[in-house]
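Reading the structure
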Amino acid sequence: MIAEIEKYIEIQNSIDLILKESPFKISYIIEKTGIKKPTFFKKMKEKRFTSEELLAIAKVMEPVYRNETKEEILESLKRSEEDFRTGRSIPYHEFMKAKRESLINRFKDVQS
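The sections below set out a description of the structure shown in this document. What you are looking at is a predicted structure, and each value in this text was computed from that prediction instead of being measured.

The rules behind each value
Residues numbered from 1 in each chain as written. Predicted model: local features only at pLDDT ≥ 70, side-chain atom pairs only at ≥ 80, totals over all residues. Heavy atoms only, no water. Helix = DSSP H or I, 4+ residues; strand = E, 2+ residues; numbered from the N terminus. Buried < 20%, exposed > 50% of the residue type's maximum accessible area, 1.4 Å probe, protein only. Contact = heavy atoms within 4.5 Å. 1 Å grid on protein atoms, 1.4 Å probe; cavity = no way out; pocket = protein on both sides within 12 Å on 5 of 7 lines; lining within 4 Å. Points joined across faces, edges and corners; volume = space filled by probe spheres on them. Nonpolar A, V, L, I, M, F, W, Y, C, P; charged D, E, K, R; others polar. Axes fitted to C-alpha atoms, helices over the stretch in contact; angles between N-to-C directions. Parallel < 35°, antiparallel > 145°, perpendicular 65-115°, else oblique. Left-handed = near helix turned anticlockwise from the far one by under 90°.

**Re the overall build of the chain**
A tally of regular secondary structure across the chain gives six helices and zero strands. Expressed as lengths along the three principal axes of its C-alpha atoms, the size of the chain is roughly 45 × 30 × 25 Å. Expressed as a percentage of the 112 residues in the chain, the buried residues total 21%. Long-range contacts, defined as pairs at least 24 residues apart, comprise 61% of the intrachain contacts of the chain with a sequence gap of at least 6.

**A word on the layout of surface pockets**
By volume, the second largest pocket amounts to about 580 Å³. Lining the second largest pocket we find 24 residues, and of these I11, I18, A58, M61 and E62 sit closest to its centre. Elements supplying a minimum of two residues to the lining of the second largest pocket: α1 (2–21), α4 (51–61) and α6 (92–111). The greatest single-element share of the lining of the second largest pocket, amounting to nine residues, is contributed by α1. Partitioned by chemical class, the residues of the lining of the second largest pocket number 13 nonpolar, three polar and eight charged.

**What to know about the environment of K7**
Along the polypeptide, K7 turns up in helix α1. Note on K7: relative accessible area 42%, which makes it partly exposed.

**A short note on unusual backbone geometry**
Backbone geometry places K47, a non-glycine residue, at a positive phi of 55 degrees. Structurally, K47 is set in the loop between α3 (37–46) and α4.

**Focus on the packing of helix α2 (residues 26–33) against α3**
Interhelical geometry of α2 versus α3 gives an angle of 115 degrees and a closest axis separation of 10 Å. Relative to α3, the element α2 lies roughly perpendicular. The chirality of how α2 crosses α3 is right-handed. For the pair formed by α2 and α3, the contact residues are I26, I29, I30 and T33 on the first element and K37, F40, F41 and M44 on the second. Counted by class, the contact of α2 with α3 contains six nonpolar, one polar and one charged residues.

Here is the structure:
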């Protein structure tokens, strides 16, 4: 149980970085969680999301937990196609390189 609580504290303390490094746009997360925009940014800055709010954010960021309708999935795919057409995407190898560096840096921070 201690490990779970420590993990929760770690997530709470690094939620701003987690959100900024997420492939999801902050506006999308705000919309899906239903948290008001000014409140969301204040809580993100102060790292003061409630456990229920963190769960709502996690459900948005981890599609495994989501029960999307067919229409929501199709709309998401349309937005992705539009992002690709307008150049709001990066090659897979660049994405993986950035994520790998992010994980290494996060690991180094935890070790310090």
